[in-house]
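Single-letter residue listing:
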Amino acid sequence: MEDGEAAGGRTAVIIGAGVGGLTAAVALHQRGWRVQVLERAADLSPVGAGLVLFPNAMSALDVIGVGPELRSRALTGPGGYRTPDGRWLLRRDLGSTARERGQVAVVLLRSELIDALARQLPESALRTGVTVSVAEPGSPRRRAAVRTTGSDRLEADLVVAADGAASSTRAALFPKHRELRYAGYATWRLLPRPAVGATLRYQFETWGPGRRFSALPLAGGRVYCWATASSPARGASPTADERATLLAHFGTWHEPIPTLIRSTTAAEALRHDSVHLARPLPAMHAGRTALVGDAAHAMTPDLGQGGCTAIEDAVVLAREVSLPGRPLGTALERYTAARLSRTTRIARQSTLMGRVGQAHRPPALAARTAALRVADHLPTTVLLAAMHPVVGWRAPSD
């Protein structure tokens, strides 16, 4: 036991009750840590509409026993890329071939994942409506501490910062790495009414000049959509009519895109500026404080890996700090070594994919279309192999 470690069992404070924070809490709790999750929002109602959990995230969720209950939401049926007039450039049933290899991608409401994770924790582990800042990151001989609303001070053997892309913890611990860079396009997430989604039997992503629209069927006849459009940074506006904005961008595109947009209420069309961390962190920990998810490696949504890598981070962190006989400082160094290179690489690939997806000049559009047509003639196994470095990750075993 290191100096400063609690005699009655190791303690961890997790800042943020999003996907990464709750996964970290569950993984640590299952390994015998006493955890306290502190969330700024008044409740656990998640921000966002849907979420795709690729095989890498499912591997991590299997470790903490949450994966099996989610597998009924596995992606099924064909899907691919289309042009705004509806022509298919690439169409393939990747999901069936992946499932034959034991790899499953799941699409679900973000609230379903949050609920599944929260059910694994005792009610006493969750506190909402609490604003938190790191008071002391800690050291080998001194516990970390956070300060909460009302200037309460909580000490812990480990602090896990899962406080999002605009992380105040990252800003405090790594002040040269606080800047978020705008990627040049807005992102919308939509949940159309079930009656419309029930008719969708395939997934698709349609690419036009500087714009994209994707639809993914959900269990229960719902559908999760996301869209992008190149535009100046604006931030979320509670008074903006985002549905009207989406119709202006996509109203003339192929069906069911206009119908899906019209079947979405204003409250279900969520807009965000797409941002990423301007400079990668030099480490994913400082003292006894570890960063996970967007707090550590905020990335654009183009590979669908923001939530997935947060889940990976959380499970790897819990393993590293729980192996017997290992000083916490050494464990956190191993956590950084295991995660920093991979997440930095994925973040860069996501930014590059965003540039390809948002292309608007004729030469770039022609090259993009040609590449998709070539890919359409490749064997499915080759396409899956190209995705493997990202989605083929597997959670380490003890």
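What you see is a predicted model, and the numbers here were worked out from it, not measured in a lab.

Visitor: Got a sec to walk through the overall build of the protein chain? Specific residues and values, please.
Guide: Summing up its helical and strand segments, the protein chain has 14 helices and 18 strands in all. Over its C-alpha trace the protein chain gives a radius of gyration of 21 Å, about what one expects of a compact globule, namely 21 Å for 398 residues. Structurally, the protein chain occupies a C-alpha span of about 65 × 45 × 40 Å along its principal axes. Across the 398 residues in the protein chain, those meeting the buried criterion constitute 53%. For the protein chain, restricting intrachain contacts to residue pairs at least 6 apart in sequence, the fraction spanning at least 24 positions comes to 74%. A total of about 16,900 Å² of accessible surface is found on the protein chain, and carbon and sulfur atoms cover 54% of it. A gap of 5 Å separates the mean positions of the 48 positive and 33 negative side-chain charges of the protein chain.

Visitor: Talk me through the pattern of salt bridges; I want residue IDs and the actual numbers.
Guide: Scanning the entire structure with this criterion turns up 20 salt bridges. Salt bridges here are not isolated pairs; linked through shared partners, they connect Glu136, Arg142, Arg143, Arg153, Glu155 and Asp157.

Visitor: Kindly report on the sheet that holds strand β9 (residues 144-148), identifying the contributing residues and their values.
Guide: On the basis of which strands lie adjacent, the open sheet formed by three strands has the order β8-β9-β10 and antiparallel pairing. Of all strands in the sheet, those with a lone pairing partner are β8 (132-136) and β10 (153-156), marking the two edges. Shown here is a sheet whose adjacent strand axes are inclined to one another by a mean of 30°, direction ignored. In this sheet, β10 lies alongside β9 in antiparallel orientation, the contact comprising four bridges.

Visitor: Provide a residue-level description of the packing of helix α1 (residues 19-30) against helix α5 (residues 110-118), including the pertinent values.
Guide: When two helices pack together, their arrangement is captured by the angle between the axes and the distance separating the axes. Contact geometry of α1 with α5 gives a least axis separation of 9 Å together with a crossing angle of 20°. Here α5 runs roughly parallel to α1, going by the angle between their axes. Seen from above, α1 lies across α5 with left-handed handedness. In this structure, α1 uses Val19, Leu22, Thr23 and Val26 to contact α5, whose residues at the interface are Arg110, Leu113, Ile114 and Leu117. Across the contact of α1 with α5, the residue classes tally to six nonpolar, one polar and one charged.

Visitor: Give a detailed account of the pairing of strand β13 (residues 203-208), specifying residues and quantitative values.
Guide: Burial within β13 is extensive, with six of its six residues counted as buried. Side chains Gln203, Glu205 and Trp207 project from β13 onto one buried face, and the interleaved Phe204, Thr206 and Gly208 project onto a second face that is buried too. In the sheet, strand β4 (residues 79-82) pairs with β13 via four bridges, with the strands oriented parallel. Paired with Arg82 across the bridge in β13 is Thr206.

Visitor: Now, about the packing of α1 against helix α11 (residues 306-320): what can you tell me, with residues and values included?
Guide: At a minimum axis distance of 8 Å, the contact between α1 and α11 shows a crossing angle of 25°. What the angle tells us is that α1 and α11 run roughly parallel. Crossing hand, α1 versus α11: right-handed. Contacts between α1 and α11 pair Val19, Gly20, Thr23, Ala24, Ala27 and Leu28 from the former with Gly307, Ala310, Ile311, Ala314, Val315 and Ala318 from the latter. In terms of residue class, the contact of α1 with α11 is made up of nine nonpolar, three polar and no charged.

Visitor: Describe the environment of Ala267, naming the residues involved and giving the relevant values.
Guide: Take Ala267: it is sitting in the loop between α9 (257-262) and β16 (269-277). With 26 residues separating them along the chain, Ala267 and Asp241 place their C-alpha atoms 9.5 Å apart.

Visitor: Can you tell me about the sheet that holds strand β11 (residues 158-161), naming the residues and giving the values?
Guide: Pairing in this open sheet of six strands is mixed, and the strands run β7-β2-β1-β11-β18-β17 from one edge to the other. Single-partner strands in this sheet number two, and they are β7 (126-127) and β17 (285-286). Contacts from helix α12 (residues 328-357) reach β11, β17 and β18 (289-291) within the one sheet, and its direction differs from that of β18 by about 15°.

Visitor: Describe the packing of aromatic side chains, naming the residues involved and giving the relevant values.
Guide: For any pair of aromatic rings, the description rests on two quantities: the centre-to-centre distance and the angle between the ring planes. Following the criterion strictly, the structure yields five aromatic pairs and no others. Measuring from ring centre to ring centre gives 5.0 Å for Tyr81 and Trp207, while their planes differ by 70°; the resulting arrangement is edge-to-face. Taken together, the positions of Tyr81 in strand β4 and Trp207 in strand β13 put the pair 126 residues apart, joining distant regions of the chain. Tyr81 sits in the partly exposed class, given a relative accessible area of 23%. The exposure class of Trp207 is buried, given its relative accessible area of 9%. A ring pair is formed by Tyr202 and Phe204, whose centres lie 6.0 Å apart and whose planes are at 45°; its orientation type is tilted. Three or more aromatic residues joined by ring pairs make a cluster, and in this case those are Trp88, Tyr202 and Phe204. The ring of Trp393 has Arg339 lying over it, and the distance from NZ or CZ to the ring centre is 5.6 Å.

Visitor: Just give me the short version of the nonpolar core, but keep the residues and values in it.
Guide: By size, the foremost hydrophobic cluster in this structure holds 80 residues, and its most contacted members are Leu28, Val35, Leu53, Leu61, Leu70, Leu113 and Val321. In contact with Leu70, not counting residues within four places along its chain, are Leu53, Met58, Leu61, Val106, Leu108, Leu113 and Ala116. Counting residues in each nonpolar core, the second largest holds 18 residues, with Leu190, Ala215, Val223 and Leu246 among its members.

Criteria and cut-off values
Residues numbered from 1 in each chain as written. Predicted model: local features only at pLDDT ≥ 70, side-chain atom pairs only at ≥ 80, totals over all residues. Heavy atoms only, no water. Helix = DSSP H or I, 4+ residues; strand = E, 2+ residues; numbered from the N terminus. Rg over C-alpha atoms; globule rule 2.2 N^0.38 Å. Buried < 20%, exposed > 50% of the residue type's maximum accessible area, 1.4 Å probe, protein only. Contact = heavy atoms within 4.5 Å. Areas by Shrake-Rupley, 256 points an atom, 1.4 Å probe, with all protein chains shown as cover. Lys, Arg positive; Asp, Glu negative; His and termini not counted. Charge placed at Lys NZ, Arg CZ, Asp CG, Glu CD. Salt bridge = Lys/Arg side-chain N within 4 Å of Asp/Glu carboxyl O. Pairing = 2+ DSSP bridges. Axes fitted to C-alpha atoms, helices over the stretch in contact; angles between N-to-C directions. Parallel < 35°, antiparallel > 145°, perpendicular 65-115°, else oblique. Left-handed = near helix turned anticlockwise from the far one by under 90°. Nonpolar A, V, L, I, M, F, W, Y, C, P; charged D, E, K, R; others polar. Phe/Tyr/Trp six-rings, centres within 6.5 Å; stacked < 30°, edge-to-face > 60°. Lys NZ or Arg CZ within 6 Å of the ring centre and 35° of its normal. Core = buried A, V, L, I, M, F, W, Y, C linked by side-chain atoms within 4.5 Å.

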